[in-house]
Amino acid sequence: MLPYICEFVGTALLILLGAGVVANVNLTKSGMKGGGVVVITVAWGLAVMLPAFTFGAASGASFNPALTVALAVNGTFPWAMVPGYIIAQIAGAFVGASIVILLFKDHLDAEENPAVKLGVFCTSPSMPNLFRNFMSELVGTFVLVFTILGINQVPGIASGVDKLLVFGIIVSIGMSLGGLTGYAINPARDFGPRLAHFLLPIKGKGPSNFKYGLSVPFIAPYVGGILAVLLYKAIPWAQAAA
């Protein structure tokens with residue numbers, strides 16, 4: 001039971017900090033309005049790193065259904081635990097987004113642009129193109145999973161340094177690809193907050209755009225993660241070490 005609880009709480013913390021920085025920087029009445037995309041990108045990296053340090057030993061700190069499935073395909077995570085992990089991750093993301101709604105209620109009420117409200121919680125493409133949007137999320141998740149697996153190629157890595165490297169991975173993906181689709185690279189990160197936006201009362205909110213949410217940020221990360229595992233397993237690492 002402990003791993004599932006840790007995935008739930010860790011994902012809630014991830015979304016609280018991640019969606020929180022978007023609200024902080026983008027909502028019109030926020031005291032940090034205009035902080036910019038660099039603040040958002042670095043803060044999302046920290047939002048992943050902090051719960052990873054806290055819960056890594058207890059659950060593996062996946063917080064991402066696409067990563068969980070990829071690790072199962074890789075043979076390093078039991079398939080029997082995958083459904084429970086995914087449920088915990090999506091539920092945690094919903095709770096994290098709900099806390100953001102509670103904390104930023106006055107600022108959300110004062111925000112006049114429904115697109116800005118939605119952008120606090122979930123992703124959207126800067127230029128809608130289903131194929132390229134899908135490929136952006138696929139490639140971003142491919143990089144995420146492949147490089148996380150690649151940490152295993154660092155000999156004698158000190159405990160905890162791997163979490164710092166994951167921070168670097170998240171920030172790098174965001175700064176290089178984030179302008180395309182918002183780099184969800186995590187089905188729970190997009191779907192849980194999008195569901196909170198849909199179900200919970202937010203003054204003046206527009207549609208939650210599940211047509212995009214269920215076709216790109218929900219599906220593409222699984223494909224990218226699995227492709228990353230297949231390539232990683234196909235590389236003869238042992239021969240390279242020899």
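Data block above holds the structure.
The structure contained in this document is the topic of the report that follows. For clarity, every value in this text was computed on a predicted model and none was experimentally measured.

1. Focus: the packing of aromatic side chains
- Within the structure shown, the criterion is met by 9 aromatic pairs.
- Centre to centre, the rings of phenylalanine 142 and phenylalanine 146 are 5.7 Å apart; their planes meet at 5 degrees, and the pair counts as stacked. Linking phenylalanine 142 with phenylalanine 146, this pair stays in helix α7 (residues 130–150), spanning 4 residues, or about one helical turn.
- Considering the side-chain rings of phenylalanine 146 and tyrosine 232, the 5.8 Å spacing of their centres and the 80 degrees angle between planes classify their relative orientation as edge-to-face. With phenylalanine 146 in helix α7 and tyrosine 232 in helix α11 (residues 220–234), this residue pair connects regions lying 86 residues apart in the sequence. Tyrosine 232 shares its class with phenylalanine 146; the two are buried.

2. With respect to the packing of helix α1 (residues 2–26) against helix α4 (residues 82–103)
- With their axes 7 Å apart at the nearest point, α1 and α4 run at an angle of 35 degrees to one another. The handedness of the crossing between α1 and α4 is right-handed.
- Residue composition of the contact of α1 with α4, by class: 17 nonpolar, 6 polar and 1 charged.

3. Here's the deal with unusual backbone geometry
- Phi at tyrosine 183 takes a positive value of approximately 40 degrees, unusual for a residue other than glycine.
- Locating tyrosine 183 in the fold gives a position in the loop between α8 (161–181) and α9 (187–199).
- Since its relative accessible area comes to 12%, tyrosine 183 is described here as buried.
- You will see that isoleucine 185, though not glycine, has its phi angle at about 40 degrees, which is positive.
- Assignment of secondary structure puts isoleucine 185 in the loop between α8 and α9.
- By relative accessible area, which is 5% here, isoleucine 185 ends up buried.

4. Some remarks on the nonpolar core
- Among the nonpolar cores identified, the biggest contains 56 residues, and Trp44 and Phe121 are the most heavily contacted of them.
- Look past the residues within four positions of phenylalanine 121 in its chain and what remains in contact with it is Ala97, Val100, Ile101, Leu108, Arg189, Asp190, Pro193, Arg194, His197 and Ile202.

5. A word on α9
- Here α9 contains 13 residues, and its C-alpha end-to-end distance of 18 Å stays within 8% of the 18 Å for a straight helix at 1.5 Å per residue.
- The element α9 is extensively covered by neighbouring structure, given that 10 of its 13 residues are classed as buried.
- Buried within α9 we find Pro187, Ala188, Arg189, Asp190, Phe191, Gly192, Pro193, Arg194, Ala196 and His197.
- Its side-chain oxygen placed 2.9 Å from the backbone nitrogen of alanine 188, asparagine 186 serves as the N-cap of α9.

6. Brief notes about the side chain of threonine 181
- Positionally, threonine 181 belongs in helix α8.
- By relative accessible area, threonine 181 is classed as buried at 0%.
- A polar contact is formed between the side chain of threonine 181 and the side chain of serine 136, at a distance of 3.4 Å.
- When sequence neighbours within four positions are dropped, the list of residues in contact with threonine 181 reads Thr123, Ser124, Pro125, Asn133, Ser136, Glu137 and Tyr212.

7. A word on helix α3 (residues 65–74)
- For α3, the tally of buried residues reaches 8 of 10 residues, placing the bulk of the element in the interior.
- Along α3, the residues that are buried comprise Pro65, Ala66, Leu67, Thr68, Val69, Ala70, Ala72 and Asn74.
- Those residues of α3 hidden inside the fold are in contact with α4, α7, α9 and α11.
- Between the side-chain oxygen at the start of α3 and the backbone nitrogen of alanine 66 there is a gap of 2.9 Å, and the oxygen is on asparagine 64.
- Remark: glycine 75 follows α3 within two positions and exhibits a positive phi of approximately 85 degrees.

About the thresholds
Residues numbered from 1 in each chain as written. Predicted model: local features only at pLDDT ≥ 70, side-chain atom pairs only at ≥ 80, totals over all residues. Heavy atoms only, no water. Phe/Tyr/Trp six-rings, centres within 6.5 Å; stacked < 30°, edge-to-face > 60°. Helix = DSSP H or I, 4+ residues; strand = E, 2+ residues; numbered from the N terminus. Buried < 20%, exposed > 50% of the residue type's maximum accessible area, 1.4 Å probe, protein only. Axes fitted to C-alpha atoms, helices over the stretch in contact; angles between N-to-C directions. Left-handed = near helix turned anticlockwise from the far one by under 90°. Nonpolar A, V, L, I, M, F, W, Y, C, P; charged D, E, K, R; others polar. Core = buried A, V, L, I, M, F, W, Y, C linked by side-chain atoms within 4.5 Å. Contact = heavy atoms within 4.5 Å. Expected span 1.5 Å × (residues − 1). Polar contact = N/O pair within 3.5 Å; in protein donor to acceptor, adjacent residues only side chain to side chain.

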